[in-house]
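This is what each chain is made of:
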Amino acid sequence: MAGNTDTVSGPQSESKTVSELLHSACIKLKSAGLETPNLDSEVLLAFCMGETRTRLLSHPEISVPAPIREMFTSLLARRNAGEPVAYLTGQKEFWSLSFTVDRRVLIPRPETEILVEEALKFAAEDLSPSDRISILEIGTGSGAVSVALASELPHADIIATDISEEALRLASLNAAKNNVGLRIRFVPGSLFEPVNGKFDLIVSNPPYISEAEYSGLSRGVRDFEPQKALVPGPDGTECHEAIIAGARDFLKPGGALFLEIGALQKQKIEEILKKEGYNRIAFRKDYAGLFRVAGARRS
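Since the structure is predicted, the reported quantities are computational estimates derived from the model, not experimental observations.

Student: Can you explain the sheet that holds strand β5 (residues 133-138)? Please cite residues and give values.
Tutor: Read across the sheet, seven strands follow the order β7-β6-β5-β8-β9-β11-β10 without closing on themselves; strand pairing throughout is mixed. Only two strands of the sheet have a single partner each, and these edge strands are β7 (184-188) and β10 (279-285). Strand-to-strand twist across the sheet, computed as the mean angle between neighbouring axes with direction ignored, equals 15 degrees. In this sheet, β7 lies alongside strand β6 (residues 156-162) in parallel orientation, the contact comprising five bridges. By the bridge assignment for β7, Asp-162 is matched with Pro-188.

As structure tokens, this is what we get:
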């Protein structure tokens, strides 16, 4: 912070301190019913000032000049209306990597890291470390899962698909940003339509919110994130069914399929996997104790 004093100081009559701004912002966001008013205020002010939260909070006495206050006030108004912080800052951390996000894609969630963990566990335990690993991701969105896998598996060849070409442009940007752009091929198309060949591993975080559940989502999700990336149909498992059925023709013998699922979908997904002839079916809970990832092997 000390190195940036010139950018955040000015006559006291024209400025307010970091502490004063955070206090008033927190009150406004709390009155709007937002769940994390302190955190949101800190992240947004740090973004406006070009600082980390840690450095910001360690210097609460620093004066914030009018141009930065105006930017902060504008972002607070948008947050007050429910717009997610990640869209306001244009960035989100996932797997300790930085991703650019906007309203073309869903914001990566921490629970999706469970999907990455299960895929990496399969690669470590079931595949030879000396062999190339072929991976297919269905519905890549921001590219978070494929980029995370590429960052951990330098010997992996990854194809990532999405029905949205706008999303693929952003995913490609994120791959380049995280220095794995040359190892992921982004392909537009629905499900398995744009790919051929066989894969060691297929992963997907497909839409899984039912139409009934959608109306109960927070306004930040419902009003700002792309609905088609959330709701596949009335039941919420329509994409899972299509992926499970189609993956058999694209997995090598012994290959693995991992899918993120809704918290109440375990029983139905298990039934579909059994019906389609998969074995070694297992489920992994997230850190909230909810079933989050389904895994299975092709015979």
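Student: Can you break down the side chain of Thr-161 residue by residue, with the values?
Tutor: Note on placement: Thr-161 falls in strand β6. Ignoring anything within four residues of it in the chain, the contact list for Thr-161 reads Leu-136, Glu-137, Ile-138, Gly-139, Thr-140, Leu-168, Val-187, Gly-189, Leu-191, Pro-194 and Val-195.

Student: Kindly report on the packing of aromatic side chains, identifying the contributing residues and their values.
Tutor: If you walk through the whole model with that rule in mind, you get four aromatic pairs. Aromatic side chains Phe-94 and Phe-99 sit 6.2 Å apart centroid to centroid with 75 degrees between the ring planes, which places their arrangement in the edge-to-face category. Residue classification places Phe-99 among the buried positions, given a relative accessible area of 0%. Here the basic side chain of Lys-266 rests over the ring of Phe-283, its NZ or CZ set 4.9 Å away from the ring centre. Note that Lys-285 overlies the ring of Phe-291, its terminal NZ or CZ placed 5.1 Å from the centroid.

Student: Run through helix α5 (residues 66-80), naming residues and quoting values.
Tutor: With 15 residues, α5 extends 20 Å between its outermost C-alpha atoms, agreeing within 8% with the 21 Å of an ideal straight helix rising 1.5 Å per residue. For α5, the full list of buried residues reads Ile-68, Phe-72, Leu-75, Leu-76 and Arg-79. Along the long axis of α5, the arc covered by the buried residues comes to 105 degrees, so they all point the same way. Turned more than 90 degrees from where α5 packs its buried face, Pro-67 and Glu-70 sit exposed. In the segment just after α5, Gly-82 is the residue with positive phi, at about 105 degrees.

Student: Go over the environment of Leu-57 with me, naming the residues and quoting the values.
Tutor: Structurally, the position occupied by Leu-57 is in helix α4 (residues 53-57). Of the residues examined, Leu-57 reaches a relative accessible area of 39% and is grouped as partly exposed. Each C-alpha atom of the pair Leu-57 and Arg-292 lies 35 Å from the other, and the pair is 235 residues apart in sequence. With residues near it in sequence (within four places) discarded, Leu-57 still touches Leu-22 and Glu-42.

Student: A description of the pairing of β6 should follow, citing residues and the corresponding values.
Tutor: A large share of β6 lies buried, amounting to six of its seven residues. Alignment of β5 against β6, held across six bridges, turns out to be parallel. By the bridge assignment, Ile-138 is partnered in β6 with Thr-161. Between the parallel elements β5 and β6, the chain passes through helix α8 (residues 144-152) in a crossover that is right-handed. In this fold, the crossover linking β6 to β7 by way of helix α9 (residues 165-177) has right-handed handedness.

The rules behind the values
Residues numbered from 1 in each chain as written. Predicted model: local features only at pLDDT ≥ 70, side-chain atom pairs only at ≥ 80, totals over all residues. Heavy atoms only, no water. Pairing = 2+ DSSP bridges. Helix = DSSP H or I, 4+ residues; strand = E, 2+ residues; numbered from the N terminus. Axes fitted to C-alpha atoms, helices over the stretch in contact; angles between N-to-C directions. Contact = heavy atoms within 4.5 Å. Phe/Tyr/Trp six-rings, centres within 6.5 Å; stacked < 30°, edge-to-face > 60°. Buried < 20%, exposed > 50% of the residue type's maximum accessible area, 1.4 Å probe, protein only. Lys NZ or Arg CZ within 6 Å of the ring centre and 35° of its normal. Expected span 1.5 Å × (residues − 1). Arc of directions from axis to C-beta. Right-handed = clockwise from strand over helix to strand, strands pointing away.

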